[in-house]
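Fold and geometry: a report
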Amino acid sequence: MFSEEYQKPRKKLDQKTAKLKAADFCAYQERSQQEVRDKLYSYGLHKAEVEDTISQLITENFINEERFAIAYVGGKFRLKKWGRKKILNGLKYHKVSNYCLNKAFAQIEDEEYKQTILELIEKKIDSISEENEFRRNNKVVQYLMQKGFETDIVWALLKK
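The paragraphs below set out a description of the structure included in this document.

1. Here's the deal with the pattern of salt bridges
Within this structure, the stated rule accounts for eight salt bridges. When the shortest N-O distance is used, the salt bridge between R31 and E35 registers 3.9 Å. Among the salt bridges present, the one from K139 reaches E130, with a minimum N-O distance of 3.9 Å. K139 gets classed as partly exposed once you look at its relative accessible area, which sits at 42%. A network of salt bridges, in which partner residues are shared, links E130, R135 and K139.

2. Comments concerning the packing of helix 7 (residues 110–127) against helix 8 (residues 133–146)
At a minimum axis distance of 10 Å, the contact between helix 7 and helix 8 shows a crossing angle of 130 degrees. Taken together, helix 7 and helix 8 sit at an angle that is classed as oblique. Once helix 7 is placed against helix 8, the crossing between them reads as right-handed. In contact with I117, L120, I121, K124 and I125 of helix 7, helix 8 contributes R136, V140, Y143 and L144.

3. Examining the packing of aromatic side chains
Geometry of an aromatic ring pair is reported as the spacing of the ring centres plus the angle between the planes. In the structure shown here, the tally under the stated rule is three aromatic pairs. When the centroid spacing of 5.7 Å and the interplanar angle of 40 degrees are considered together, the rings of F68 and Y72 count as tilted. Here Y72 and F68 lie together in helix 4 (residues 65–78), a separation of four residues that amounts to about one turn. The residues F68 and Y72 share a single accessibility class, namely buried.

Parameters and conventions
Residues numbered from 1 in each chain as written. Predicted model: local features only at pLDDT ≥ 70, side-chain atom pairs only at ≥ 80, totals over all residues. Heavy atoms only, no water. Salt bridge = Lys/Arg side-chain N within 4 Å of Asp/Glu carboxyl O. Buried < 20%, exposed > 50% of the residue type's maximum accessible area, 1.4 Å probe, protein only. Axes fitted to C-alpha atoms, helices over the stretch in contact; angles between N-to-C directions. Helix = DSSP H or I, 4+ residues; strand = E, 2+ residues; numbered from the N terminus. Parallel < 35°, antiparallel > 145°, perpendicular 65-115°, else oblique. Left-handed = near helix turned anticlockwise from the far one by under 90°. Contact = heavy atoms within 4.5 Å. Phe/Tyr/Trp six-rings, centres within 6.5 Å; stacked < 30°, edge-to-face > 60°.

Such coordinate-based values are descriptive only and should not be taken to indicate function.
Okay, here's the thing in structure tokens:
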């Protein structure tokens, strides 16, 4: 795009202003600590200031890792139809604790999970024009693996 010499340099914010901006950032939607930490660093704050601001935001309940994880899992599973593996990778990217991971994944019931897989299998089979059953099934499994579903569960449900 533009070379660096034409870009406007970012102005370093003081901690108070950065905290207000971060609070607005968190109020808009659930955020992980890591997202807020990255945003604060982009405002030019140093490590001690960032950690202090994060702890203030947690105290004021702007950041809640468990609430974020539950919202993330619910959204990715119910809206985007992602599987557990892909959701887990996303949460690890956000550096969510194991406690919060377990709490969030408890929101997905096994029956609902299997029902979602069955719906996706049905939808994908209808969209594939492949006559060979083995190749068609392979394409379905590949598609569901990309969405983060476990291979063994997919094959078991596909055989039904």
